[in-house]
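Close look at the chain arrangement
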Amino acid sequence: MTPRELEQSLRSLMQRPMADAELREQLEKLAAVEISFAGFTWLFGPELYRRNRVLFRPFILSRFSTYMTLPKRKVEVIHWKGDKARILDAWLAEADKNDDADLSAGFTNGN
């Protein structure tokens, strides 16, 4: 699927009423088949972290990325500016408040 279609699928999936474990299972399946998945860290990361930090943290950390792999092995850097920057700044502040050094390091190393 295209990155735009993947973004729509992610948004739809995260809005469905389902148990956290079921959502993680669905996201794992999607991440396994979509090479662009990690490029949407800015979208899934903050929401999943707030939803259930304990369950989703390993999933987030294993897919944390500041770039998106596109079909035919092209790579696109994700610019964390504007709305994305505001979302990510709030998430980083939350991670710092929780003394989540591994997640904070992802921001530092990735951006």
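Residues numbered from 1 in each chain as written. Predicted model: local features only at pLDDT ≥ 70, side-chain atom pairs only at ≥ 80, totals over all residues. Heavy atoms only, no water.

**Description of the packing of helix α1 (residues 3-15) against helix α2 (residues 20-33)**
- Running from N to C, α1 and α2 cross one another at 170°; their axes reach a closest spacing of 11 Å. What the angle tells us is that α1 and α2 run roughly antiparallel. At the point where α1 passes α2, the crossing takes the right-handed sense. Residues L6, L10, L13 and M14 of α1 form the contact with α2, whose own contacting residues are L23, Q26, L27 and L30.
- Considered class by class, the residues forming the contact of α1 with α2 number seven nonpolar, one polar and no charged. (Axes fitted to C-alpha atoms, helices over the stretch in contact; angles between N-to-C directions. Helix = DSSP H or I, 4+ residues; strand = E, 2+ residues; numbered from the N terminus. Parallel < 35°, antiparallel > 145°, perpendicular 65-115°, else oblique. Left-handed = near helix turned anticlockwise from the far one by under 90°. Contact = heavy atoms within 4.5 Å. Nonpolar A, V, L, I, M, F, W, Y, C, P; charged D, E, K, R; others polar.)

**Things to note about the packing of helix α3 (residues 41-51) against helix α4 (residues 53-63)**
- Where α3 contacts α4, the axes come no closer than 7 Å and their chain directions differ by 160°. Put simply, α3 runs roughly antiparallel to α4. Considering only the axes of α3 and α4, their crossing is left-handed. Contact with α3, carried on its side by T41, F44, G45, L48, Y49 and R51, involves R53, F56, F59, I60 and R63 of α4 and no other residues of that element.
- Of the residues that constitute the contact of α3 with α4, the class distribution is six nonpolar, two polar and three charged.

**Digging into the nonpolar core**
- Core analysis: the largest hydrophobic core is formed by 28 residues, its most contacted members being L10, L27, F37, F40, L48 and I60.
- Only α1, α2, α3, α4, β1 (67-70) and α5 (82-97) provide two or more residues apiece to this core.
- Top contributing element to this core by residue count: α3, with five residues. (Core = buried A, V, L, I, M, F, W, Y, C linked by side-chain atoms within 4.5 Å. Buried < 20%, exposed > 50% of the residue type's maximum accessible area, 1.4 Å probe, protein only.)

**Details of the confidence of the model for the protein**
- Scored by pLDDT, the protein has a mean of 87; 94% of the residues are at 70 or more.
- At the level of individual helices and strands, the protein shows its lowest average pLDDT in helix α6 (residues 101-110), which scores 65, and its highest in α2, which scores 96. (pLDDT = per-residue confidence, 0-100.)

**What about the packing of aromatic side chains?**
- Inspection of every chain in the model, using the stated rule, returns six aromatic pairs.
- Arranged with centres 6.1 Å apart and planes meeting at 45°, the rings of F40 and W42 form a pair that is tilted. Each member of the pair, F40 as well as W42, carries the same accessibility label: buried.
- The rings of F37, F44 and F59 are connected pair by pair, giving a single aromatic cluster.
- A cation sits over an aromatic face here: K84 above W42, 4.7 Å from the ring centre. (Phe/Tyr/Trp six-rings, centres within 6.5 Å; stacked < 30°, edge-to-face > 60°. Lys NZ or Arg CZ within 6 Å of the ring centre and 35° of its normal.)

**Some words on the pairing of β1**
- Of the two faces of β1, the one holding M68 and L70 is buried and the one holding Y67 and T69 is not buried anywhere.
- By the bridge criterion, four bridges tie β1 to strand β2 (residues 74-77) in an arrangement that is antiparallel. The partner of M68 across the bridge, within β2, is E76.
- Linking β1 to β2, which pair antiparallel, is a turn of three residues; within it K72 sits at a positive phi near 60°. (Pairing = 2+ DSSP bridges.)

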